[in-house]
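Now for the letters of each chain:
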Amino acid sequence: MAETTPSERAVRNSEEPGGPLIITEDERLLDDLLRLCAAAGALPEVAHGLPARKGDWEAPPLVIVGDDCAPRLRGAGRRPGVILAGGDADDPELWRQAVALGAESVLALPDGERWLTDRIADAIEGGGPPALTVGVIGGRGGAGASTLAGALAVTAARTGRRTLLVDGDPLGGGLDVLLGGEKEKGLRWPAFAESRGRVACGALAEALPRLHSLRVLSWDRGSDVTIPPPAMRAVLAAGRRRGGVVVVDLPRRVDEAVAEALAQVDMGLLIVPTELRAVAAAQRVASGVQKVLGDLRVVARGAPGRHGHGLPPDDIARLMELPLAGEVPWEAGLLADLARGVPPGAQVRGPLARFCAGFWERVTDCGSGGGPGSAALPGCGPGSGAGPAPGGGPHPGAGPGGSGVPWPAAGSLAPRTAARKGGRS
């Protein structure tokens, strides 16, 4: 007979977020599962059989069933997020039970502990789409990568997107300074230097300074200028799980930490001034970045009073053999605004803000979503817009200022998802 008495070791009050439901009478398995729930920051409910009320079976974000109780649950309705845990994942009987139960995965402990901890944490943090992550890299020194990254983040936050701006360049002077918030309270990179494994996305956001309606992870004024690769991986993964938009300001040199960041970037923007020497420098930068990132695009940065001088953006993209994301015209008064603490992109009618607004509009229009607090999910397939024309050149419609037809996925604009091992579907 089904029994639904909660375990005294795991009692959750109604104000706390819902944790997983564990169904087992195996004390050793229960102890292991409670330990993994604690590691994931989840407080579960424990039962010994199918809950008496239908809602108690369907409501939890995740249900973990021990193989000792699986036969009792064959009358339960099918629902997503059911995991069957047993002693031997190669046991044919365990798989027969999984099929009868409609389980999404079968795992054995301790081999699947890390996978299950991440799966529990994913369930309680929410199963929404990951953040669209855009990396910005300067084609040469002084190209304006930090300014563009800041403007993209400010514009995304102004349009209601949940936004995280990450300073991946330790020698860039600090994005908090660029946004006029160097005195704002909150954690900086050195506080995350020892991060390993999984960082809770909600805790990360709450710990960072809030500037202009977005969260910023920047550097302090100390002498530590390194980001351990595991820390970069853990922090960016947490930011992506939070959803919305993540903008990363990246240095031109690809070291191990930058490679970790690029591995989680959906699209890279390489900003190149409209001059021949800048193109030559940017080609070297691109060759390093493209070893890790498949979707890299050119943003041409106009010079003051160009009036026909300098390289046209289409020619820059053709020489770089990369798609053209548009041109940012020269903005008079931008440097004076930054000196007064006005963040880049704050002037809504300025060329920089217009480029950023057009960029997010295109990216959102290419996919679905993009509403407040949600991820902008572009997903344009080949032939759906502008991109590399035959022969490697830019599409003729991608003109200056971000005008032209929508882009396709040069690599894949759909946000990446990391494959994890442990559970067997």
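The following refers to the structure shown. (Residues numbered from 1 in each chain as written. Predicted model: local features only at pLDDT ≥ 70, side-chain atom pairs only at ≥ 80, totals over all residues. Heavy atoms only, no water.)

**Focus on the sheet that holds strand E10 (residues 245-250)**
Across the sheet, which stays open at both edges, the 8 strands sit in the order E8-E9-E7-E10-E6-E11-E12-E13 with mixed pairing between neighbours. The sheet terminates laterally at strand E8 (210-211) and strand E13 (324-328), the two strands that pair on one side only. Both strand E6 (residues 132-138) and E10 contribute to a ladder of 6 bridges, which runs parallel. The partner of Val 134 across the bridge, within E10, is Val 247. Against the sheet, helix H8 (residues 229-241) touches E6, strand E7 (163-167), strand E9 (214-217) and E10, its axis set at about 150° to E10. Where helix H10 (residues 276-289) meets the sheet, it contacts E6, strand E11 (267-273) and strand E12 (296-301), and its direction lies at approximately 160° from that of E11. (Pairing = 2+ DSSP bridges. Helix = DSSP H or I, 4+ residues; strand = E, 2+ residues; numbered from the N terminus. Contact = heavy atoms within 4.5 Å. Axes fitted to C-alpha atoms, helices over the stretch in contact; angles between N-to-C directions.)

**Let's talk about the environment of Gly 144**
Assignment of secondary structure puts Gly 144 in the loop between E6 and helix H5 (145-158). Taking the relative accessible area as the measure of exposure, Gly 144 reaches 24% and is therefore partly exposed. In sequence terms Gly 144 and Val 272 are 128 residues apart; their C-alpha atoms lie 8.6 Å from each other. Those residues in contact with Gly 144 that lie beyond four places of it in its chain are Ile 271 and Arg 301. (Buried < 20%, exposed > 50% of the residue type's maximum accessible area, 1.4 Å probe, protein only.)

**Some words on the packing of aromatic side chains**
Following the criterion strictly, the structure yields 2 aromatic pairs and no others. With a centroid separation of 6.2 Å and an interplanar angle of 35°, the aromatic rings of Trp 189 and Trp 219 are classed as tilted. Of this pair, Trp 189 sits in the loop between helix H6 (175-178) and helix H7 (201-207) while Trp 219 is found in the loop between E9 and H8, placing the two residues 30 residues apart along the sequence. When its relative accessible area of 4% is taken as the criterion, Trp 219 is described as buried. Here Phe 359 and Trp 360 contribute two aromatic rings whose centre-to-centre distance is 5.0 Å and whose plane-to-plane angle is 75°, an arrangement assigned as edge-to-face. Trp 360 carries the same exposure label as Phe 359, and that label is buried. (Phe/Tyr/Trp six-rings, centres within 6.5 Å; stacked < 30°, edge-to-face > 60°.)

**Overview of the side chain of Arg 119**
Position of Arg 119 among the secondary structure elements: in helix H4 (residues 113-125). When sequence neighbours within four positions are dropped, the list of residues in contact with Arg 119 reads Leu 62, Gly 81, Ile 83 and Glu 104.

**With respect to helix H1 (residues 27-39)**
Between its first and last C-alpha atoms H1 spans 18 Å; for 13 residues at 1.5 Å apiece the expected length is 18 Å, and the two agree. Contact partners of the buried residues in H1: strand E1 (21-23), strand E2 (45-47), strand E3 (63-66), strand E4 (82-86) and H4. For H1, the N-terminal capping position is held by Asp 26, with its side-chain oxygen 3.0 Å away from the main-chain nitrogen of Arg 28. Directly after H1, the chain includes Gly 41, whose backbone phi takes a positive value near 75°. (Expected span 1.5 Å × (residues − 1). Polar contact = N/O pair within 3.5 Å; in protein donor to acceptor, adjacent residues only side chain to side chain.)

**Description of the nonpolar core**
Core analysis: the largest hydrophobic core is formed by 44 residues, its most contacted members being Val 166, Trp 189, Leu 270, Val 272, Leu 296, Ile 316 and Met 320. Per-element tally for this core: the top contributor is H10, with 6 residues. If we ignore the near neighbours within four places in the chain, the residues touching Trp 189 are Val 166, Asp 167, Leu 217, Ser 218, Trp 219, Ile 227, Ala 231, Met 232 and Val 235. Judged by nonpolar contacts, the second largest core, of 35 residues, contains Ala 149, Leu 214, Leu 269 and Val 363. (Core = buried A, V, L, I, M, F, W, Y, C linked by side-chain atoms within 4.5 Å.)

**Description of the packing of H1 against H4**
Each pair of packed helices can be summarised by the angle the axes make with each other and by the distance between the axes. Viewed as axis vectors pointing N to C, H1 and H4 meet at an angle of 55°, and their least axial separation amounts to 8 Å. What the angle tells us is that H1 and H4 run oblique. Here H1 and H4 pass one another in a crossing that is right-handed. Here H1 contributes Leu 33, Arg 35, Leu 36, Cys 37 and Ala 39 to the contact with H4, which in turn contributes Glu 113, Leu 116, Thr 117 and Ile 120. Split into classes, the residues belonging to the contact of H1 with H4 amount to 6 nonpolar, 1 polar and 2 charged. (Parallel < 35°, antiparallel > 145°, perpendicular 65-115°, else oblique. Left-handed = near helix turned anticlockwise from the far one by under 90°. Nonpolar A, V, L, I, M, F, W, Y, C, P; charged D, E, K, R; others polar.)

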